[in-house]
Amino acid sequence: MPELPELFDILTLFGPVPPHGGEQGTAGLVALLTRHKISGAAALSTRALYHDAARGNRETRTACAEVSAPRLVPLTVLDPGGGGDTTGARFLAAFPATQGWPVRYAPLAAALRSSPAVPLLLEVGRPGDATDATALLRDTGFAGPVVLAGIKGAVGLSEALAVARDQERIHLATDGLRGLGEIETAVAALGARRIVFGSGAPRVSLGAALAIARQATLSDEDRALVLGGNARRLLQGGTE
Amino acid sequence: MIPMGDAAELPIVDVHCGWGATSFAPGWEDAEYVGGALRARGIGGAFLASDLARHFDPISGNEQVAQTIGEHPHFSAWLVVHPDRPLDAHAQMRRFLYGDQFVGCALYPDPATGRPITLEGAHDIVNAFRRFGKPLLIETPNAEAMHHAARIAQEMGNMRIVASGMGGAEWREAVDLAAHLSNLYLDISGALVPDKIDYAARALHGVRKLLFASGAPQTDPAAVIGLLDDLDLTPDDRERILGGNAVRLFDLDAGQQQAEPELLPLAEEAEADEDTPHLETLAPDEFTEEE
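Residues numbered from 1 in each chain as written. Chains lettered and ligands numbered in written order. Predicted model: local features only at pLDDT ≥ 70, side-chain atom pairs only at ≥ 80, totals over all residues. Heavy atoms only, no water.

Participant: Even after reading the chapter, I still don't get the overall build of chain B, so can you show me in this structure?
Facilitator: Summing up its helical and strand segments, chain B has 12 helices and eight strands in all. Burial statistics for chain B: of 291 residues in total, 56% are counted as buried. Considering only residue pairs separated by 6 or more positions, chain B has 77% of its internal contacts joining residues 24 or more positions apart. Split by element, the accessible area of chain B, about 11600 Å² in all, is 49% carbon and sulfur. (Helix = DSSP H or I, 4+ residues; strand = E, 2+ residues; numbered from the N terminus. Buried < 20%, exposed > 50% of the residue type's maximum accessible area, 1.4 Å probe, protein only. Contact = heavy atoms within 4.5 Å. Areas by Shrake-Rupley, 256 points an atom, 1.4 Å probe, with all protein chains shown as cover.)

Spelled out as structure tokens, the structure:
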């Protein structure tokens, strides 16, 4: 029987979601990760995403430090308004679609130019976002590895694959991939080392995201990379 | 519907599963492939809806599905109808809906504009359909579509209506609307958000109006099943959502052919038009409201 891979979720959130609210703190997220036997996750406070990046990022760092298991890696949200401090950040994130600004956006470009070359998770939820992401990365000279997230449907996946095919540092997160054959197609096109499991939980179902990845027709070795190995390698500094 | 192969004991019924290949699921027009994929996910039966019929050519699409389910009787299907093509729809209704394998008619937003199905636009075709006594599926990807589906449910009081997609991201409104109409059911495809199941179970006083559906191949059926894994459902409630409610709503009996549809005599159709939804006329005994 193959050894179960150690699972890592590249995108999770904690805190209330406007306008419906929700509980403060990481308890709910930790319970959910524990329920699904996820041993680690990159996490961010919803305050950083929906309201105030500076305060939210501080909240993220503090909350993640207080949790020992599962291991939470703080995701630092880039603030195009200039309020975010990326000093000491291990993992950056930008959410243009959720926050309502374009990917090719001068304030984001400025933030990236002054950011360390750590991994960057970039939401590409709208048609054209992934294409714009390549221009953004080229223009800013940002040197870190990149994880494209929020890829939706056949249109989104086709665009992301076209963008990533010739750029080894670009990875695809699975959080938006919900269709049959999508993960398999991404693995076939880019190789399993560039596909990273993510859920967007608890805003989106962790159980659903896991079920899709587990049902995908992959070798045990490839599945282990997708479900955890790649995220660990990225966050430990490897970009190969 | 007859459960598929080795999955005869499995209770999961996918009440809305697409039929048609995509670039990422090229095998999704091969009955053996689709059956195998569903079985691998523990799904014992599925109601197919032609992607070709839905997006381009309803006549040819329905014909293809009819041929498929004729050769593979473990599948059932929805007859996809377009309000703008009533003559074609009526002809296919008469041809296919008297049999057992088509479980009802399915209506989708306009494939060109995305405009939702409305009572005004679909009145004639829905009225013609009601004599077959079978459920009607209306895709509801957002709250606007759900409001229109609710109006249709209210107008067609004795017709069981399945709102597919549960209003998408606007699932709260979908649930609230379903709470007020006893003949309006929700399939849980759409947004992969576990909160919507909890919310629905509270607002609807139980899960009896929730039906498992995948919308495959655009969504992996495993995802919708996995959605339930985030929740603390009782085994009974989980079984009801995944299959028990469908067995009752569609008069299915595992391993048996579906019961003959109850055809309303034409003379009663006009009277039925006057109906408003109320439990006595809308639901069989097993669907009486929970206290």
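Participant: For this particular structure, what's the right way to read helix 7 (residues 153–164) of chain A?
Facilitator: Owing to its 3.6 residues per turn, the α-helix aligns residues three or four sequence positions apart on the same side. Residue and element names in this part refer to chain A. For helix 7, which comprises 12 residues, the first-to-last C-alpha distance of 16 Å matches the rise-based estimate of 16 Å (1.5 Å per residue) to within 8%. Within helix 7, burial applies to Gly156, Leu157, Glu159, Ala160, Leu161, Val163 and Ala164. In the core, the buried residues of helix 7 are packed alongside helix 6 (129–140), strand 7 (146–149), strand 8 (170–173) and helix 8 (182–190). (Expected span 1.5 Å × (residues − 1).)

Participant: Please explain the sheet that holds strand 8 of chain A as it appears in this structure.
Facilitator: Through backbone hydrogen bonds, the strands of a sheet pair up, either in parallel or in antiparallel fashion. Residues and elements named next belong to chain A. Spatial ordering of the open sheet is given by 4-5-6-7-8-9, a layout of six strands whose pairing is parallel. Either end of the sheet is taken by a strand with one partner, and the two such strands are strand 4 (76–77) and strand 9 (195–196). Where strand 6 (residues 120–123) and strand 7 come together, four bridges link them in parallel fashion. Residue pairing in the sheet places Leu122 in a bridge with Leu148 of strand 7. (Pairing = 2+ DSSP bridges.)

Participant: Looking at this structure, I do not really get the pairing of strand 6 (residues 161–164) of chain B. What am I missing?
Facilitator: Two faces, one strand: in a regular strand the side chains alternate between the faces of the sheet. Residues and elements named next belong to chain B. Residues of strand 6 alternate between two faces, with Ile161 and Ala163 on one and Val162 and Ser164 on the opposite face, all of them buried. Each parallel crossover has a hand, and for strand 5 (residues 136–139) linked through helix 6 (residues 143–155) to strand 6 it is right-handed. Handedness of the crossover is the feature at issue here: the chain leaves strand 6, passes through helix 7 (residues 171–179), returns alongside strand 7 (residues 184–187), and the resulting connection is right-handed. (Right-handed = clockwise from strand over helix to strand, strands pointing away.)

Participant: Help me understand the environment of B:His16, please; the structure alone is not making it clear to me.
Facilitator: Residues and elements named next belong to chain B. By secondary structure assignment, the location of His16 is in strand 1 (residues 12–19). Spatially, the C-alpha atom of His16 lies 12 Å from that of Phe250, the residues being 234 residues apart in sequence. Setting aside residues up to four positions removed in sequence, His16 forms contacts with Phe47, Ala49, Trp78, Tyr108, Leu137, Glu139, Ser164, Asp187, Ala213, Ser214, Gly215 and Ala216.

Participant: Would you take a moment to explain the interface of chain A and chain B for this structure?
Facilitator: How big an interface is tends to be stated in terms of accessible area lost as the parts join. Each partner contributes to the interface: chain A provides 22 residues, whereas chain B provides 25 residues. Across the chain A to chain B interface the summed buried area is about 1900 Å²; carbon plus sulfur atoms make up 55%. Of all residues in chain A, the largest losses of buried area upon contact with chain B belong to A:Arg178, A:Leu180 and A:Gln215, amounting jointly to 40% of the total for that side. In this structure, the connection of chain A to chain B is made through 15 residue pairs in polar contact (both at pLDDT 80 or more). Only helix 1 (27–35), helix 7, helix 8 and helix 9 (206–215) of chain A provide two or more residues apiece to the side of chain A that touches chain B. (Buried area = accessible area lost by both parts, 1.4 Å probe. Polar contact = N/O pair within 3.5 Å; in protein donor to acceptor, adjacent residues only side chain to side chain.)

Participant: Is there a simple way to think about unusual backbone geometry in this case?
Facilitator: Leaving glycine aside, a negative phi is the common case for residues, and trans is the common case for peptide bonds. Residue and element names in this part refer to chain A. Cis geometry is adopted by the peptide bond preceding Pro19, which originates at Pro18 and carries an omega value of 0°. On the secondary structure map, Pro19 appears in the loop between strand 1 (7–14) and helix 1. For Lys37, which is not glycine, the phi torsion reads 60° and is therefore positive. Structurally, Lys37 is set in the loop between helix 1 and strand 2 (38–45).

Participant: Would you mind going over the packing of aromatic side chains with me for this structure?
Facilitator: In this description, an aromatic ring pair is defined by two values, namely the gap between the centres and the angle between the planes. Residue and element names in this part refer to chain B. Tallying each qualifying case throughout the model produces 10 aromatic pairs over all chains. Judged by centre distance (5.7 Å) and plane angle (75°), the rings of Trp78 and Phe250 are edge-to-face. Here Phe250 lies in the loop between helix 10 (235–249) and helix 11 (266–273) and Trp78 lies in strand 3 (residues 75–80), a separation of 172 residues in the sequence. Among the residues examined, Phe250 registers a relative accessible area of 2% and is labelled buried. Here the aromatic residues Phe47, Trp78 and Phe250 are joined through ring pairs into a cluster of three or more. (Phe/Tyr/Trp six-rings, centres within 6.5 Å; stacked < 30°, edge-to-face > 60°.)

Participant: Explanation requested: helix 9 (residues 221–228) of chain B in the structure shown.
Facilitator: Extensive coverage of helix 9 of chain B is indicated by the burial of eight of its eight residues. Contacts made by the buried residues of helix 9 of chain B are with helix 9 of chain A together with strand 1, helix 1 (31–40), strand 2 (43–50), helix 8 (195–203) and helix 10 of chain B. Of the residues flanking the start of helix 9 of chain B, the one acting as N-cap is B:Asp220, its side-chain oxygen 2.8 Å from the backbone nitrogen of B:Ala222.

Participant: Would you explain the confidence of the model for chain B in this entry?
Facilitator: Fine structural detail should not be taken from predicted coordinates in areas where pLDDT scores are low. Residue and element names in this part refer to chain B. Here chain B shows a mean pLDDT of 87. Residues at 70 or above account for 84%. Within the model, pLDDT remains below 50 along residues 254–291, and this stretch shows 73 contacts once partners closer than five positions in the same chain are excluded. Interface predicted TM-score (ipTM) for the complex: 0.93; the corresponding pTM is 0.89. (pLDDT = per-residue confidence, 0-100.)

Participant: What exactly am I supposed to notice about the nonpolar core here?
Facilitator: Core analysis: the biggest nonpolar cluster contains 133 residues, and A:Leu148, A:Leu172, B:Met93, B:Leu136, B:Leu186 and B:Leu210 have the highest contact counts within it. The biggest single contributor to this core is helix 9 of chain A, with six residues. Sequence-distant contacts of B:Leu210, that is, excluding residues within four places in its chain, are made with B:Met166, B:Leu186, B:Ile188, B:Ile197, B:Ala200, B:Leu204, B:Arg240, B:Ile241 and B:Asn245. (Core = buried A, V, L, I, M, F, W, Y, C linked by side-chain atoms within 4.5 Å.)

Participant: What am I meant to see in the pattern of salt bridges here?
Facilitator: When the charged atoms of two side chains lie near each other, side chains of opposite charge can form a pair. Within this structure, the stated rule accounts for 14 salt bridges over all chains. Between A:Arg47 and A:Glu59 there is a salt bridge, with the nearest N and O atoms lying 2.9 Å from each other. Highlighted residues: A:Arg47 in helix 2 (residues 46–50) and A:Glu59 in helix 3 (residues 53–65), separated in sequence by 12 residues. Residue class for A:Glu59 comes out partly exposed when judged on its relative accessible area of 26%. The shortest N-O distance in the salt bridge between B:Asp229 and B:Arg238 comes to 3.1 Å. (Salt bridge = Lys/Arg side-chain N within 4 Å of Asp/Glu carboxyl O.)

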